[in-house]
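Each chain is listed here by its residues.
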Amino acid sequence: MWRWLPGLCLTLLALAYGTLALIVLPQTAFFCSDEGLKVIQAQSLIRQGWASIAIEYPGRLLDPAVQFFPIPEPVAFVRAGAVYFITPLLFSLLASLTYALTGYAGLYFIPIGGGLASLFLTYRLARISLEPTKATLTMLLLAIATPFSFYCLVFWEHTLATALFLLALVLLVTSSSTTRMWRLLAGGICLGAMASVRTEGYVFSLVVIAAWAGTYRRWPHLGLILLGLGAALAPLWLSNQILYGTPLGPQVPLLATMAGDSGQYAWLVSRLLIAQNVVTQGSANKYVDFGSAAALFVVCTVLAIPRLRRNRLAVGVSLAAMALLGVVNVLGAEQFVMRGLIPTCPLVGLMLVYAWVRGKSERSAERANEDFFVLTFLGSLVLITLSTPVDTGLHWGPRFLLPLLPLVALLTVRLLTAGPDAAWQQSPRDRRVVRLVGVTLVLLSVVIQVQGIRFLARKKIESAQLVTYFLDLPTRYVISEVDWFTSEAASLFYQRTFFYAADQAGYQDLVSRLYAQGADSFALLPLAQSQNDPQIDTDLYNVEPVQQFYFRIVPHE
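Because the structure is a prediction, the values reported are computed rather than measured. (Residues numbered from 1 in each chain as written. Predicted model: local features only at pLDDT ≥ 70, side-chain atom pairs only at ≥ 80, totals over all residues. Heavy atoms only, no water.)

Things to note about the overall build of the protein
1) Next: Helix and strand content of the protein: 22 helices and seven strands.
2) Next: Over its C-alpha atoms the protein spans a radius of gyration of 26 Å, differing by no more than 12% from the 24 Å that the globule rule assigns to 557 residues.
3) Next: Taking the principal axes of its C-alpha atoms as reference, the protein extends roughly 95 × 55 × 55 Å.
4) Next: Across the 557 residues of the protein, 56% fall into the buried class. (Helix = DSSP H or I, 4+ residues; strand = E, 2+ residues; numbered from the N terminus. Rg over C-alpha atoms; globule rule 2.2 N^0.38 Å. Buried < 20%, exposed > 50% of the residue type's maximum accessible area, 1.4 Å probe, protein only.)

Here's what the structure looks like:
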(Lines give C-alpha, C1' and ligand atoms only; values in the text may rest on other atoms or scores of the structure.)
Protein backbone atom coordinates (compact mmCIF):
# COMPACT_ATOMS: atom_id res chain seq x y z
CA MET A 1 0.00 0.00 0.00
CA TRP A 2 2.82 2.42 0.88
CA ARG A 3 5.36 1.28 -1.69
CA TRP A 4 5.12 4.59 -3.51
CA LEU A 5 5.86 6.64 -0.38
CA PRO A 6 9.72 6.55 -0.42
CA GLY A 7 9.83 7.47 -4.10
CA LEU A 8 7.34 10.31 -3.60
CA CYS A 9 9.34 11.70 -0.67
CA LEU A 10 12.59 11.55 -2.64
CA THR A 11 10.95 13.26 -5.61
CA LEU A 12 9.60 16.07 -3.43
CA LEU A 13 12.99 16.53 -1.76
CA ALA A 14 14.70 16.61 -5.18
CA LEU A 15 12.29 19.33 -6.30
CA ALA A 16 12.87 21.28 -3.09
CA TYR A 17 16.67 21.05 -3.35
CA GLY A 18 16.65 21.92 -7.03
CA THR A 19 14.36 24.91 -6.52
CA LEU A 20 16.40 26.27 -3.63
CA ALA A 21 19.88 25.70 -5.10
CA LEU A 22 19.15 26.56 -8.72
CA ILE A 23 16.38 29.17 -8.54
CA VAL A 24 16.00 30.77 -5.10
CA LEU A 25 19.64 31.02 -3.98
CA PRO A 26 22.25 32.87 -6.09
CA GLN A 27 24.24 30.33 -8.11
CA THR A 28 27.32 32.51 -8.58
CA ALA A 29 27.72 33.45 -4.90
CA PHE A 30 29.16 31.06 -2.36
CA PHE A 31 28.64 30.42 1.31
CA CYS A 32 32.30 30.14 2.27
CA SER A 33 35.82 30.20 0.90
CA ASP A 34 36.08 26.39 0.69
CA GLU A 35 33.38 26.39 -1.97
CA GLY A 36 35.18 29.09 -3.89
CA LEU A 37 38.46 27.17 -3.94
CA LYS A 38 36.74 24.23 -5.58
CA VAL A 39 35.02 26.50 -8.10
CA ILE A 40 38.34 28.11 -9.08
CA GLN A 41 39.93 24.66 -9.40
CA ALA A 42 37.09 23.50 -11.67
CA GLN A 43 37.30 26.67 -13.80
CA SER A 44 41.07 26.31 -14.11
CA LEU A 45 40.77 22.69 -15.24
CA ILE A 46 38.30 23.69 -17.95
CA ARG A 47 40.36 26.66 -19.15
CA GLN A 48 43.41 24.42 -19.56
CA GLY A 49 41.48 21.62 -21.22
CA TRP A 50 42.05 19.35 -18.20
CA ALA A 51 45.74 19.23 -19.15
CA SER A 52 47.01 20.51 -15.79
CA ILE A 53 45.77 20.60 -12.21
CA ALA A 54 47.87 23.70 -11.48
CA ILE A 55 45.81 26.86 -11.08
CA GLU A 56 45.92 29.22 -14.03
CA TYR A 57 46.92 32.59 -12.54
CA PRO A 58 45.60 35.67 -14.39
CA GLY A 59 48.00 37.96 -12.54
CA ARG A 60 51.20 36.22 -13.56
CA LEU A 61 52.17 38.97 -16.02
CA LEU A 62 52.39 41.48 -13.17
CA ASP A 63 53.49 38.92 -10.61
CA PRO A 64 55.77 36.36 -12.33
CA ALA A 65 57.27 35.21 -9.01
CA VAL A 66 53.77 34.57 -7.58
CA GLN A 67 54.38 36.83 -4.56
CA PHE A 68 50.86 38.22 -4.51
CA PHE A 69 48.69 35.24 -5.44
CA PRO A 70 45.24 36.22 -4.16
CA ILE A 71 44.75 33.11 -2.02
CA PRO A 72 47.56 32.98 0.55
CA GLU A 73 49.38 29.99 1.99
CA PRO A 74 48.79 27.38 3.24
CA VAL A 75 45.54 27.01 1.26
CA ALA A 76 47.45 27.71 -1.96
CA PHE A 77 51.08 26.71 -2.35
CA VAL A 78 53.69 27.13 -5.07
CA ARG A 79 55.75 24.25 -6.39
CA ALA A 80 58.22 24.74 -9.25
CA GLY A 81 56.53 28.02 -10.11
CA ALA A 82 53.05 26.45 -10.38
CA VAL A 83 50.20 27.14 -7.94
CA TYR A 84 48.19 24.32 -6.35
CA PHE A 85 45.38 24.11 -3.80
CA ILE A 86 45.50 21.75 -0.83
CA THR A 87 41.85 20.72 -1.28
CA PRO A 88 41.25 17.17 -2.60
CA LEU A 89 41.09 17.23 -6.38
CA LEU A 90 38.49 14.55 -7.19
CA PHE A 91 35.38 16.57 -6.37
CA SER A 92 36.46 19.61 -8.42
CA LEU A 93 37.44 17.32 -11.30
CA LEU A 94 33.99 15.68 -11.36
CA ALA A 95 32.20 19.01 -10.93
CA SER A 96 34.19 20.57 -13.78
CA LEU A 97 32.45 18.18 -16.17
CA THR A 98 28.93 19.26 -15.23
CA TYR A 99 30.05 22.90 -14.96
CA ALA A 100 31.49 22.79 -18.48
CA LEU A 101 28.18 21.49 -19.80
CA THR A 102 25.64 23.65 -17.95
CA GLY A 103 27.48 26.55 -16.33
CA TYR A 104 27.06 27.47 -12.68
CA ALA A 105 23.94 25.31 -12.30
CA GLY A 106 26.15 22.29 -12.95
CA LEU A 107 28.10 22.98 -9.77
CA TYR A 108 25.15 21.85 -7.67
CA PHE A 109 24.41 18.59 -9.47
CA ILE A 110 26.85 16.54 -7.39
CA PRO A 111 25.88 17.98 -3.97
CA ILE A 112 22.18 17.47 -4.71
CA GLY A 113 22.76 14.07 -6.33
CA GLY A 114 24.96 12.97 -3.44
CA GLY A 115 22.30 14.15 -1.02
CA LEU A 116 19.49 12.27 -2.74
CA ALA A 117 21.67 9.14 -2.98
CA SER A 118 22.43 9.46 0.74
CA LEU A 119 18.73 9.74 1.57
CA PHE A 120 17.95 6.66 -0.51
CA LEU A 121 20.80 4.71 1.11
CA THR A 122 19.56 5.80 4.53
CA TYR A 123 16.22 4.29 3.58
CA ARG A 124 17.94 1.08 2.47
CA LEU A 125 19.95 0.93 5.70
CA ALA A 126 16.80 1.40 7.76
CA ARG A 127 14.91 -1.25 5.75
CA ILE A 128 17.31 -3.89 7.01
CA SER A 129 15.47 -3.84 10.33
CA LEU A 130 12.46 -1.53 9.90
CA GLU A 131 9.26 -1.69 7.90
CA PRO A 132 8.93 0.63 4.86
CA THR A 133 6.95 3.36 6.64
CA LYS A 134 9.48 3.65 9.47
CA ALA A 135 12.36 3.51 7.02
CA THR A 136 10.77 6.40 5.09
CA LEU A 137 10.39 8.31 8.35
CA THR A 138 14.13 7.79 8.95
CA MET A 139 14.91 9.29 5.56
CA LEU A 140 12.63 12.27 6.18
CA LEU A 141 14.05 12.85 9.65
CA LEU A 142 17.54 13.07 8.15
CA ALA A 143 16.32 15.56 5.53
CA ILE A 144 14.28 17.93 7.69
CA ALA A 145 15.58 17.56 11.26
CA THR A 146 19.37 17.52 10.82
CA PRO A 147 21.86 19.86 9.06
CA PHE A 148 22.05 17.38 6.17
CA SER A 149 19.88 19.36 3.73
CA PHE A 150 22.06 22.44 4.24
CA TYR A 151 24.96 20.60 2.57
CA CYS A 152 22.80 19.57 -0.37
CA LEU A 153 22.54 23.27 -1.26
CA VAL A 154 26.22 24.28 -1.19
CA PHE A 155 29.10 23.45 -3.51
CA TRP A 156 30.78 21.01 -1.16
CA GLU A 157 31.64 17.33 -1.37
CA HIS A 158 30.17 16.32 1.99
CA THR A 159 27.02 14.72 0.59
CA LEU A 160 29.05 12.70 -1.92
CA ALA A 161 31.29 11.46 0.88
CA THR A 162 28.20 10.62 2.96
CA ALA A 163 26.71 8.60 0.10
CA LEU A 164 29.91 6.54 -0.23
CA PHE A 165 30.00 6.03 3.54
CA LEU A 166 26.38 4.83 3.63
CA LEU A 167 26.89 2.55 0.65
CA ALA A 168 29.80 0.98 2.53
CA LEU A 169 27.61 0.44 5.60
CA VAL A 170 24.79 -1.11 3.57
CA LEU A 171 27.25 -3.48 1.91
CA LEU A 172 28.95 -4.44 5.17
CA VAL A 173 25.82 -5.12 7.20
CA THR A 174 24.22 -7.19 4.42
CA SER A 175 27.24 -9.41 3.81
CA SER A 176 26.46 -12.09 6.40
CA SER A 177 25.94 -14.99 4.00
CA THR A 178 28.85 -16.65 2.22
CA THR A 179 27.31 -15.84 -1.17
CA ARG A 180 27.52 -12.12 -0.39
CA MET A 181 31.12 -11.85 0.69
CA TRP A 182 31.86 -9.78 -2.41
CA ARG A 183 30.03 -7.01 -0.57
CA LEU A 184 32.89 -6.82 1.91
CA LEU A 185 35.30 -6.10 -0.92
CA ALA A 186 32.91 -3.52 -2.39
CA GLY A 187 32.41 -1.97 1.06
CA GLY A 188 36.16 -1.50 1.42
CA ILE A 189 36.30 0.11 -2.03
CA CYS A 190 33.56 2.58 -1.00
CA LEU A 191 35.48 3.51 2.15
CA GLY A 192 38.61 4.12 0.08
CA ALA A 193 36.62 6.22 -2.39
CA MET A 194 35.29 8.27 0.51
CA ALA A 195 38.88 9.02 1.57
CA SER A 196 39.57 10.17 -1.99
CA VAL A 197 36.73 12.69 -1.68
CA ARG A 198 37.24 13.88 1.90
CA THR A 199 40.43 13.59 3.97
CA GLU A 200 38.50 12.61 7.11
CA GLY A 201 37.47 9.53 5.15
CA TYR A 202 40.70 7.96 6.44
CA VAL A 203 39.36 8.30 9.99
CA PHE A 204 35.93 6.95 9.09
CA SER A 205 37.50 3.99 7.31
CA LEU A 206 39.58 3.11 10.35
CA VAL A 207 36.59 3.37 12.70
CA VAL A 208 34.18 1.44 10.46
CA ILE A 209 36.60 -1.43 9.94
CA ALA A 210 37.43 -1.63 13.67
CA ALA A 211 33.73 -1.45 14.65
CA TRP A 212 32.79 -4.10 12.07
CA ALA A 213 35.51 -6.45 13.27
CA GLY A 214 34.66 -5.90 16.93
CA THR A 215 30.92 -6.36 16.40
CA TYR A 216 30.62 -9.26 13.97
CA ARG A 217 33.89 -11.09 14.85
CA ARG A 218 34.28 -12.41 11.30
CA TRP A 219 38.05 -12.21 11.42
CA PRO A 220 38.79 -14.38 8.36
CA HIS A 221 36.72 -12.01 6.20
CA LEU A 222 38.39 -8.83 7.43
CA GLY A 223 41.01 -9.16 4.70
CA LEU A 224 38.37 -8.62 2.00
CA ILE A 225 37.49 -5.20 3.40
CA LEU A 226 41.15 -4.26 3.69
CA LEU A 227 41.79 -5.48 0.15
CA GLY A 228 38.96 -3.29 -1.19
CA LEU A 229 40.20 -0.32 0.83
CA GLY A 230 43.73 -0.75 -0.52
CA ALA A 231 42.48 -1.15 -4.09
CA ALA A 232 40.62 2.18 -3.86
CA LEU A 233 43.43 4.05 -2.10
CA ALA A 234 46.28 2.84 -4.33
CA PRO A 235 45.37 5.09 -7.32
CA LEU A 236 44.92 8.04 -4.95
CA TRP A 237 48.30 7.51 -3.30
CA LEU A 238 50.02 7.01 -6.65
CA SER A 239 48.52 10.17 -8.16
CA ASN A 240 49.36 12.17 -5.02
CA GLN A 241 52.95 10.96 -5.17
CA ILE A 242 53.23 12.01 -8.80
CA LEU A 243 51.45 15.33 -8.43
CA TYR A 244 52.53 16.48 -4.98
CA GLY A 245 55.51 14.33 -4.03
CA THR A 246 53.71 12.66 -1.10
CA PRO A 247 51.21 9.75 -1.20
CA LEU A 248 48.87 11.39 1.31
CA GLY A 249 48.65 14.60 -0.71
CA PRO A 250 49.24 18.13 0.57
CA GLN A 251 46.32 18.30 3.00
CA VAL A 252 47.23 15.60 5.52
CA PRO A 253 50.70 17.02 6.36
CA LEU A 254 49.14 20.48 6.66
CA LEU A 255 46.48 19.24 9.08
CA ALA A 256 49.18 17.53 11.13
CA THR A 257 51.06 20.84 11.30
CA MET A 258 47.92 22.73 12.27
CA ALA A 259 47.37 20.30 15.14
CA GLY A 260 50.49 21.89 16.65
CA ASP A 261 53.49 20.66 18.61
CA SER A 262 53.78 23.19 21.43
CA GLY A 263 53.84 20.94 24.47
CA GLN A 264 51.41 18.54 26.11
CA TYR A 265 49.48 21.22 28.01
CA ALA A 266 48.93 23.39 24.92
CA TRP A 267 47.93 20.31 22.94
CA LEU A 268 45.39 19.31 25.61
CA VAL A 269 43.92 22.82 25.66
CA SER A 270 43.63 22.83 21.88
CA ARG A 271 41.87 19.45 21.95
CA LEU A 272 39.37 20.75 24.52
CA LEU A 273 38.67 23.75 22.28
CA ILE A 274 38.11 21.42 19.34
CA ALA A 275 35.73 19.26 21.40
CA GLN A 276 33.82 22.41 22.32
CA ASN A 277 33.69 23.50 18.65
CA VAL A 278 32.56 20.12 17.37
CA VAL A 279 30.02 19.28 20.06
CA THR A 280 28.63 22.42 21.71
CA GLN A 281 29.46 25.57 19.73
CA GLY A 282 26.30 27.50 18.97
CA SER A 283 27.10 31.06 19.97
CA ALA A 284 29.94 33.38 20.84
CA ASN A 285 29.50 32.60 24.54
CA LYS A 286 30.85 29.28 25.82
CA TYR A 287 28.63 29.45 28.91
CA VAL A 288 25.52 29.68 26.75
CA ASP A 289 26.79 26.74 24.72
CA PHE A 290 27.45 24.62 27.79
CA GLY A 291 24.04 25.59 29.17
CA SER A 292 22.43 24.36 25.97
CA ALA A 293 24.34 21.08 26.21
CA ALA A 294 23.35 20.75 29.88
CA ALA A 295 19.68 21.24 28.96
CA LEU A 296 19.90 18.40 26.45
CA PHE A 297 21.63 16.25 29.09
CA VAL A 298 18.68 16.83 31.46
CA VAL A 299 16.22 15.80 28.75
CA CYS A 300 18.18 12.64 27.97
CA THR A 301 18.56 11.72 31.63
CA VAL A 302 14.79 11.89 32.19
CA LEU A 303 14.14 9.74 29.12
CA ALA A 304 16.80 7.19 30.04
CA ILE A 305 15.75 6.52 33.65
CA PRO A 306 12.33 4.83 34.15
CA ARG A 307 11.79 6.32 37.60
CA LEU A 308 12.23 9.84 36.26
CA ARG A 309 9.97 9.17 33.29
CA ARG A 310 7.16 8.40 35.74
CA ASN A 311 7.77 11.54 37.82
CA ARG A 312 5.69 14.55 36.77
CA LEU A 313 8.18 17.01 38.20
CA ALA A 314 11.05 15.40 36.28
CA VAL A 315 9.03 15.45 33.06
CA GLY A 316 8.18 19.11 33.66
CA VAL A 317 11.84 19.94 34.24
CA SER A 318 12.66 18.07 31.03
CA LEU A 319 10.14 20.12 29.04
CA ALA A 320 11.48 23.34 30.60
CA ALA A 321 15.01 22.32 29.63
CA MET A 322 13.79 21.74 26.08
CA ALA A 323 12.20 25.17 26.04
CA LEU A 324 15.54 26.65 27.11
CA LEU A 325 17.32 24.61 24.45
CA GLY A 326 14.91 25.88 21.83
CA VAL A 327 15.07 29.54 22.79
CA VAL A 328 18.88 29.55 22.95
CA ASN A 329 19.42 27.72 19.68
CA VAL A 330 16.62 29.16 17.56
CA LEU A 331 17.36 32.75 18.59
CA GLY A 332 21.11 32.12 18.46
CA ALA A 333 20.86 31.01 14.86
CA GLU A 334 19.71 34.55 13.97
CA GLN A 335 23.03 36.00 15.12
CA PHE A 336 25.71 33.30 15.13
CA VAL A 337 27.02 30.52 12.93
CA MET A 338 26.10 27.41 14.90
CA ARG A 339 28.77 24.78 14.25
CA GLY A 340 28.29 22.26 17.04
CA LEU A 341 26.53 18.91 16.99
CA ILE A 342 24.18 19.61 19.90
CA PRO A 343 22.94 23.09 18.88
CA THR A 344 22.22 22.09 15.27
CA CYS A 345 21.20 18.46 15.78
CA PRO A 346 19.72 17.89 19.25
CA LEU A 347 18.34 14.58 17.93
CA VAL A 348 21.73 13.15 18.85
CA GLY A 349 20.38 13.06 22.41
CA LEU A 350 17.54 10.74 21.40
CA MET A 351 19.97 8.46 19.59
CA LEU A 352 22.18 8.17 22.68
CA VAL A 353 19.14 7.55 24.86
CA TYR A 354 18.15 4.63 22.66
CA ALA A 355 21.71 3.27 22.72
CA TRP A 356 21.51 3.35 26.53
CA VAL A 357 17.98 2.04 27.24
CA ARG A 358 17.62 -0.74 24.70
CA GLY A 359 18.79 -3.21 27.35
CA LYS A 360 20.87 -6.36 27.27
CA SER A 361 18.74 -8.46 24.99
CA GLU A 362 20.08 -11.68 23.55
CA ARG A 363 22.44 -11.33 20.64
CA SER A 364 20.76 -11.09 17.26
CA ALA A 365 21.52 -9.73 13.82
CA GLU A 366 19.43 -6.65 14.54
CA ARG A 367 21.20 -6.00 17.84
CA ALA A 368 24.61 -6.54 16.21
CA ASN A 369 23.81 -3.98 13.54
CA GLU A 370 22.79 -1.44 16.17
CA ASP A 371 26.01 -2.11 18.10
CA PHE A 372 27.94 -1.54 14.89
CA PHE A 373 26.19 1.80 14.30
CA VAL A 374 26.73 3.00 17.88
CA LEU A 375 30.41 2.03 17.86
CA THR A 376 30.88 3.74 14.49
CA PHE A 377 29.23 6.91 15.77
CA LEU A 378 31.15 7.11 19.05
CA GLY A 379 34.49 6.09 17.55
CA SER A 380 34.18 8.60 14.71
CA LEU A 381 33.13 11.39 17.06
CA VAL A 382 36.18 10.83 19.27
CA LEU A 383 38.74 10.42 16.49
CA ILE A 384 37.40 13.27 14.36
CA THR A 385 37.59 15.49 17.43
CA LEU A 386 41.20 14.45 18.03
CA SER A 387 42.26 14.98 14.42
CA THR A 388 40.41 18.19 13.51
CA PRO A 389 42.17 21.58 13.48
CA VAL A 390 40.81 24.16 15.92
CA ASP A 391 39.53 26.48 13.17
CA THR A 392 37.21 24.43 10.99
CA GLY A 393 36.14 27.41 8.90
CA LEU A 394 32.68 28.75 8.17
CA HIS A 395 30.04 26.03 8.23
CA TRP A 396 26.65 25.10 9.67
CA GLY A 397 26.58 22.11 11.94
CA PRO A 398 29.34 19.53 12.35
CA ARG A 399 30.24 19.12 8.67
CA PHE A 400 33.07 16.67 9.42
CA LEU A 401 30.49 14.43 11.14
CA LEU A 402 27.86 14.66 8.39
CA PRO A 403 28.12 10.92 7.46
CA LEU A 404 27.03 10.06 11.01
CA LEU A 405 23.73 11.95 10.88
CA PRO A 406 21.88 9.10 9.09
CA LEU A 407 22.77 6.86 12.06
CA VAL A 408 21.36 9.52 14.39
CA ALA A 409 18.11 9.56 12.39
CA LEU A 410 17.90 5.76 12.29
CA LEU A 411 18.31 5.19 16.03
CA THR A 412 16.03 8.12 16.83
CA VAL A 413 13.26 6.45 14.83
CA ARG A 414 13.98 3.18 16.66
CA LEU A 415 13.39 5.02 19.94
CA LEU A 416 10.23 6.86 18.92
CA THR A 417 8.53 3.94 17.16
CA ALA A 418 9.40 1.11 19.54
CA GLY A 419 6.39 -1.08 20.34
CA PRO A 420 4.92 -1.79 23.77
CA ASP A 421 6.97 -4.98 23.96
CA ALA A 422 10.22 -3.03 24.28
CA ALA A 423 11.88 -4.00 27.56
CA TRP A 424 12.63 -0.41 28.57
CA GLN A 425 9.00 0.74 28.17
CA GLN A 426 7.39 -0.68 31.27
CA SER A 427 4.05 1.13 31.02
CA PRO A 428 1.87 3.11 28.60
CA ARG A 429 2.91 6.24 30.53
CA ASP A 430 6.55 5.49 29.68
CA ARG A 431 5.70 5.39 26.00
CA ARG A 432 3.67 8.60 26.14
CA VAL A 433 6.46 10.52 27.90
CA VAL A 434 9.11 9.28 25.47
CA ARG A 435 6.99 10.25 22.49
CA LEU A 436 5.95 13.61 23.93
CA VAL A 437 9.52 14.63 24.67
CA GLY A 438 10.88 12.98 21.53
CA VAL A 439 8.40 14.57 19.11
CA THR A 440 8.92 17.96 20.75
CA LEU A 441 12.67 17.60 20.26
CA VAL A 442 12.11 16.61 16.62
CA LEU A 443 9.98 19.71 16.02
CA LEU A 444 12.66 21.86 17.63
CA SER A 445 15.25 20.28 15.33
CA VAL A 446 13.11 21.07 12.29
CA VAL A 447 12.87 24.74 13.31
CA ILE A 448 16.65 24.87 13.75
CA GLN A 449 17.19 23.52 10.22
CA VAL A 450 14.87 26.19 8.83
CA GLN A 451 17.07 28.75 10.57
CA GLY A 452 20.11 27.14 8.95
CA ILE A 453 18.64 27.49 5.45
CA ARG A 454 17.72 31.11 6.23
CA PHE A 455 21.29 31.76 7.33
CA LEU A 456 22.58 30.22 4.10
CA ALA A 457 20.27 32.45 2.06
CA ARG A 458 21.37 35.60 3.88
CA LYS A 459 25.04 34.75 3.48
CA LYS A 460 24.77 33.93 -0.22
CA ILE A 461 22.73 37.06 -0.95
CA GLU A 462 25.31 39.23 0.86
CA SER A 463 28.11 37.53 -1.10
CA ALA A 464 26.22 38.06 -4.36
CA GLN A 465 25.82 41.77 -3.60
CA LEU A 466 29.54 42.13 -2.88
CA VAL A 467 30.47 40.26 -6.06
CA THR A 468 28.09 42.40 -8.12
CA TYR A 469 29.54 45.58 -6.65
CA PHE A 470 33.11 44.63 -7.59
CA LEU A 471 32.00 43.40 -11.00
CA ASP A 472 30.41 46.78 -11.73
CA LEU A 473 33.53 48.77 -10.82
CA PRO A 474 35.25 50.02 -14.01
CA THR A 475 38.58 48.36 -13.36
CA ARG A 476 40.21 45.06 -14.12
CA TYR A 477 42.41 44.84 -11.02
CA VAL A 478 41.36 43.94 -7.47
CA ILE A 479 43.70 44.06 -4.47
CA SER A 480 42.47 42.37 -1.30
CA GLU A 481 43.87 42.62 2.19
CA VAL A 482 41.28 40.02 3.30
CA ASP A 483 42.53 36.48 2.75
CA TRP A 484 39.08 34.89 2.22
CA PHE A 485 37.62 37.43 -0.22
CA THR A 486 38.98 36.03 -3.48
CA SER A 487 37.70 32.54 -2.67
CA GLU A 488 34.20 33.77 -1.86
CA ALA A 489 34.24 35.90 -5.03
CA ALA A 490 35.32 32.88 -7.09
CA SER A 491 32.92 33.69 -9.92
CA LEU A 492 35.07 36.79 -10.61
CA PHE A 493 38.43 35.01 -10.53
CA TYR A 494 38.80 34.90 -14.32
CA GLN A 495 36.82 38.08 -14.98
CA ARG A 496 39.07 40.29 -12.87
CA THR A 497 42.75 40.08 -11.88
CA PHE A 498 43.07 39.51 -8.14
CA PHE A 499 46.06 40.07 -5.86
CA TYR A 500 46.55 39.68 -2.12
CA ALA A 501 48.52 42.30 -0.18
CA ALA A 502 49.36 41.27 3.36
CA ASP A 503 50.88 44.64 4.41
CA GLN A 504 51.54 48.22 3.34
CA ALA A 505 54.79 47.32 1.59
CA GLY A 506 53.04 44.70 -0.51
CA TYR A 507 50.25 47.10 -1.34
CA GLN A 508 52.66 49.80 -2.53
CA ASP A 509 54.65 47.28 -4.56
CA LEU A 510 51.48 46.10 -6.30
CA VAL A 511 50.23 49.58 -7.11
CA SER A 512 53.66 50.49 -8.51
CA ARG A 513 53.48 47.46 -10.78
CA LEU A 514 49.99 48.47 -11.91
CA TYR A 515 51.26 51.98 -12.67
CA ALA A 516 54.21 50.61 -14.65
CA GLN A 517 51.78 48.43 -16.60
CA GLY A 518 49.69 51.46 -17.54
CA ALA A 519 46.72 50.76 -15.28
CA ASP A 520 44.78 53.87 -14.25
CA SER A 521 42.60 52.39 -11.50
CA PHE A 522 42.10 49.45 -9.16
CA ALA A 523 39.70 48.15 -6.51
CA LEU A 524 40.78 47.50 -2.95
CA LEU A 525 39.07 45.49 -0.20
CA PRO A 526 40.82 46.59 3.01
CA LEU A 527 40.94 44.81 6.34
CA ALA A 528 38.85 47.56 7.92
CA GLN A 529 36.97 50.63 6.79
CA SER A 530 39.56 52.84 8.49
CA GLN A 531 42.10 51.56 5.95
CA ASN A 532 39.98 52.63 3.01
CA ASP A 533 42.34 55.51 2.18
CA PRO A 534 45.71 53.77 1.59
CA GLN A 535 48.94 55.73 1.57
CA ILE A 536 51.46 55.80 -1.29
CA ASP A 537 55.00 57.08 -0.86
CA THR A 538 56.22 57.88 -4.39
CA ASP A 539 56.94 60.90 -6.56
CA LEU A 540 55.47 59.28 -9.67
CA TYR A 541 51.75 59.19 -8.94
CA ASN A 542 48.98 59.61 -6.38
CA VAL A 543 46.18 57.26 -5.42
CA GLU A 544 42.83 59.03 -5.18
CA PRO A 545 39.61 57.48 -3.85
CA VAL A 546 36.66 57.69 -6.24
CA GLN A 547 34.08 55.63 -4.37
CA GLN A 548 34.07 52.87 -1.80
CA PHE A 549 36.72 50.27 -2.69
CA TYR A 550 37.59 52.04 -5.95
CA PHE A 551 40.73 54.16 -6.57
CA ARG A 552 42.36 55.98 -9.49
CA ILE A 553 46.09 56.10 -10.13
CA VAL A 554 46.87 59.71 -11.05
CA PRO A 555 50.39 60.46 -12.43
CA HIS A 556 52.20 63.57 -11.19
CA GLU A 557 52.36 66.30 -13.80
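Let's talk about the nonpolar core
1) Next: In this structure, Phe 69, Leu 119, Phe 372 and Phe 522 are the most contacted members of the largest nonpolar core, which totals 173 residues.
2) Next: The element best represented in this core is helix α7 (residues 158-173), accounting for twelve residues.
3) Next: Contact partners of Phe 372, with chain neighbours within four places excluded, come to Leu 169, Leu 172, Val 173, Val 208, Ala 211, Trp 212, Thr 215 and Tyr 216.
4) Next: One finds Ala 54, Phe 77, Ala 82 and Ile 86 within the second-largest nonpolar core, a separate group that totals nine residues. (Core = buried A, V, L, I, M, F, W, Y, C linked by side-chain atoms within 4.5 Å. Contact = heavy atoms within 4.5 Å.)

Details of helix α15 (residues 312-332)
1) Next: Helix length check: α15, at 21 residues, gives a terminal C-alpha distance of 30 Å against a target of 30 Å (1.5 Å per residue), a fit within 8%.
2) Next: Within the sequence span of α15, burial applies to Ala 314, Val 315, Ser 318, Ala 321, Met 322, Leu 325, Gly 326, Asn 329, Val 330 and Gly 332. End-on, the buried residues of α15 take up no more than an arc of 155°, which puts them together on one face. In α15, the exposed residues that point more than 90 degrees away from the buried face are Arg 312, Leu 313 and Leu 331.
3) Next: Packed against the buried residues of α15 are α13 (286-304), α14 (306-309), α16 (341-344) and α20 (428-472).
4) Next: At the N-terminal end of α15, a side-chain oxygen is found 2.8 Å from the backbone nitrogen of Leu 313, two or three residues along, and the residue is Asn 311. (Expected span 1.5 Å × (residues − 1). Arc of directions from axis to C-beta. Polar contact = N/O pair within 3.5 Å; in protein donor to acceptor, adjacent residues only side chain to side chain.)

Things to note about empty space enclosed by the protein
1) Next: Following the criterion strictly, the structure yields two cavities of 30 Å³ or more and no others.
2) Next: Lining the largest cavity are Asn 277, Val 278, Arg 339, Thr 392, His 395, Pro 398, Arg 399, Phe 400 and Leu 401.
3) Next: Counted by class, the lining of the largest cavity contains four nonpolar, three polar and two charged residues.
4) Next: Size it by volume and the second largest cavity reaches roughly 50 Å³.
5) Next: Leu 125, Ile 128, Ser 129, Glu 366, Asn 369, Glu 370, Phe 373, Leu 410, Leu 411 and Arg 414 together form the lining of the second largest cavity.
6) Next: Listed by contribution, the elements that provide at least two residues to the lining of the second largest cavity are α18 (365-387) and α19 (405-416).
7) Next: Split by residue class, the lining of the second largest cavity holds five nonpolar, two polar and three charged. (1 Å grid on protein atoms, 1.4 Å probe; cavity = no way out; pocket = protein on both sides within 12 Å on 5 of 7 lines; lining within 4 Å. Points joined across faces, edges and corners; volume = space filled by probe spheres on them. Nonpolar A, V, L, I, M, F, W, Y, C, P; charged D, E, K, R; others polar.)

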